[in-house]
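Structure at a glance
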Amino acid sequence: MNIREQLKDRKRIVVKIGSSSITHEETGALNLTKLEVLVRELCDLKNMGKDVILVSSGAIAVGRQAVGFHHRPKNLAEKQACAAIGQAQLMMIYQKLFSEYGHRAAQILMTKHTMTNNLNRKNAFNTFEELLAMGAIPIVNENDTVATYEIEFGDNDTLSAIVAALMHADLLILLSDIDGLYTDDPRKNPDARFIDTVECLDEQLMQMGKGSSSDVGTGGMATKLSAARIATAAGADMIIANGADFHVLHKIMQGKPYGTLFQKQQGKEFHLIDILEEEHI
C-alpha cells in the first residue's frame, strides 16, 4: 500500500480553507454553493468515524462585504470591526449548514497567547478534546477582533499547523487556490514542474515559497511551507491541494493523487513550544 492509499486510515484530520476558496471573486460575498459542498464533505468524514477540525478564514472578507467595503480594510480598527461582523455571520451559516446534515459546529477563536501560555494551551487542548468527544466539529479562526500584531498568528496556514500539532492530528489538508507545490510559480513560469510528494522539507524547497496573490487572503506558498514544517515535525502528513472544488476532500481520502503530499517526519521527538520558538511564533 503506497503512502496515498494509507491516508484513508487517518483518524484525526484538520482541514484549512482560505478566504478566496469560500468567496466569489467578483463580489467578495460568500459562495454558498461551495460552502455547502465543504460542509457535506466534512460531515461525511465525521460519518466515517473521523475526528474533524476545520480552520476557516473568511471573517474579515465576509464582514467587509457586509458593510460595503470595496477594498481590503487597511487599519486595525477597520479589520477588527469587519472581523466582528463577519465572524458572527460566517458561524451562523456554518451552524445552519452543519445542522442540516445532523452535525454540530463549535467556534474556537485563538490568538498567539493561546499557544505560548502553558495554561492557555492546556485549556485549549482540553476544550478541543471535549468537543471532539461530544461529536462536534470545531471551527477555528484567529480572533481577529482582538488580535494585534504582538499576539496574532497572521495567517491561518500557520494556525492550522499549530492546531494539528496541538491535537496530535495525523493529517492536515490545506485547500488553496493552487494545485500544490511547484518548482516555480506556474502562473508566471510555464516550465514550472509540479511536485507530487515531499519526503523531506529542506531549505531548497522552503525557498520556493511565494507571496499571496489573492486580494482577500493573507497567506502565500511561503506560509504553507512553514505550516508543512510544523505539521510534519509533529507527526502529521500534510497536503496542499486546490480548493476550487471541495469534492477533492473525499478524493484525497480515497488515496487519489491530488495536491502535494508532505510526509510526516518519523521518529523525531516533538515539543510544540520548541517549534513555536523555532518558527518565531
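Going by the structure above, here's the rest.
Everything numeric here is computed off the predicted structure, so don't read it as measured data. Every chain's residues receive numbers from 1 upward, in the order its sequence appears when written. Local features in this predicted model are restricted to residues whose pLDDT is 70 or higher, and side-chain atom pairs enter the listing and the counts only when it is 80 or higher, whereas totals over whole chains, interfaces and linings include all residues. No hydrogens and no water enter the side-chain calculation; it runs on all heavy atoms of the structure.

Quick look at the pattern of salt bridges
In what follows, salt bridge is the name for a side-chain nitrogen of Lys or Arg lying within 4 Å of a carboxyl oxygen of Asp or Glu. Taken as a whole and judged by the stated rule, the model has seven salt bridges. Where Arg4 meets Asp196, a salt bridge forms, and the shortest distance between an N and an O atom there is 3.2 Å. Of the two residues, Arg4 is situated in the segment before strand 1 (12-17) and Asp196 in the loop between strand 7 (194-195) and strand 8 (197-198); the sequence distance between them amounts to 192 residues. Residue class for Asp196 comes out partly exposed when judged on its relative accessible area of 33%. Asp51 is paired through a salt bridge with Arg12; the nearest N and O atoms lie 2.9 Å apart. With Asp51 in strand 2 (residues 51-56) and Arg12 in strand 1, this residue pair connects regions lying 39 residues apart in the sequence. In this scheme, a residue with accessible area under 20% of its type's maximum is buried, one over 50% is exposed, and one in between is partly exposed, where area comes from a 1.4 Å probe on protein chains only. Overall, Arg12 belongs to the buried group, its relative accessible area being 13%. The network of salt bridges with common partners includes Arg12, Asp51 and Glu129. Numbering goes from the N terminus for both helices and strands, where a helix is a DSSP run of H or I of at least four residues and a strand is a run of E of at least two.

Quick word on the pairing of strand 9 (residues 237-242)
When you tally the buried positions in strand 9, you get five out of six residues, the bulk of the element. Direction of pairing for strand 5 (residues 171-176) relative to strand 9: parallel, over a ladder of six bridges. Within strand 9, the position partnered with Leu174 by the bridge is Ile240. Where strand 9 meets strand 10 (residues 260-262), three bridges bridge the pair, whose relative direction is antiparallel. When the bridges of strand 10 are listed, Met238 appears paired with Phe262. Pairing between strands is defined by DSSP: at least two bridges between them are needed.

A closer look at empty space enclosed by the protein
A cavity here means a set of 1 Å grid points, computed over protein atoms only, where a 1.4 Å probe fits but cannot escape. A pocket is an open set with protein on both sides within 12 Å along at least 5 of 7 lines, and lining residues have an atom within 4 Å of a point. Grid points are joined across faces, edges and corners, and a volume is the space filled by probe spheres set on the points. Applying the stated rule across the entire model yields two cavities of 30 Å³ or more. Counted as a void, the largest cavity has a volume near 40 Å³. Looking at the largest cavity, the residues that line it are Ala59, Ala83, Gln87, Leu109, Asn141, Glu142, Asn143, Asp144 and Thr145. Broken down by secondary-structure element, the contributors of at least two residues to the lining of the largest cavity are helix 4 (76-100) and strand 4 (137-142). Any residue that is not Ala, Val, Leu, Ile, Met, Phe, Trp, Tyr, Cys, Pro, Asp, Glu, Lys or Arg is counted as polar, Gly included; the first ten are nonpolar and the last four charged. Partitioned by chemical class, the residues of the lining of the largest cavity number three nonpolar, four polar and two charged. By volume, the second largest cavity is sized at about 30 Å³. The wall of the second largest cavity is formed by Val198, Glu199, Leu201, Ala228, Thr232, Phe262, Gln263 and Gln265. Considered class by class, the residues forming the lining of the second largest cavity number four nonpolar, three polar and one charged.

A look at the packing of aromatic side chains
Aromatic pairing here means that ring centres of Phe, Tyr or Trp (its six-membered ring) are within 6.5 Å. Orientation follows from the plane angle: under 30 degrees is stacked, over 60 is edge-to-face, and everything else is tilted. Inspection of the entire model under this criterion finds two aromatic pairs. Judged by centre distance (6.2 Å) and plane angle (35°), the ring pair of Tyr94 and Phe98 falls under tilted. Linking Tyr94 with Phe98, this pair stays in helix 4, spanning four residues, or about one helical turn. The buried category is assigned to Phe98, whose relative accessible area is 0%. The criterion for a charge sitting over a ring is simple: Lys NZ or Arg CZ within 6 Å of the ring centre, and within 35 degrees of the ring normal. Against the face of Phe246 rests Lys34, its NZ or CZ located 4.7 Å from the ring centre.

Quick look at unusual backbone geometry
Its identity as a non-glycine residue notwithstanding, His168 has a phi of 55°, on the positive side. Locating His168 in the fold gives a position in the loop between helix 7 (156-166) and strand 5. His168 sits in the exposed class, given a relative accessible area of 60%.

Some points on the sheet that holds strand 10
The strand order across the open sheet formed by eight strands is 3-4-2-1-5-9-10-8, and the pairing between neighbours is mixed. The open sheet has two edge strands, strand 3 (105-110) and strand 8, and neither has a second partner. Bridging between strand 1 and strand 2 involves six bridges; their strand directions are parallel. Looking at the pairing, Val14 lines up with Ile53 of strand 2. Should any heavy atoms of two residues lie within 4.5 Å, those residues are counted as being in contact. Axes here refer to lines fitted to C-alpha atoms; in helices the fit is confined to the stretch in contact. Angles between the N-to-C directions go from 0 to 180 degrees. In the packing of helix 2 (residues 32-47) onto the sheet, contacts are made with strand 1, strand 2 and strand 4, and the angle to strand 2 comes to roughly 155°. Docked against the sheet, helix 4 engages strand 1, strand 2, strand 3 and strand 4, running at close to 150° with respect to strand 3.

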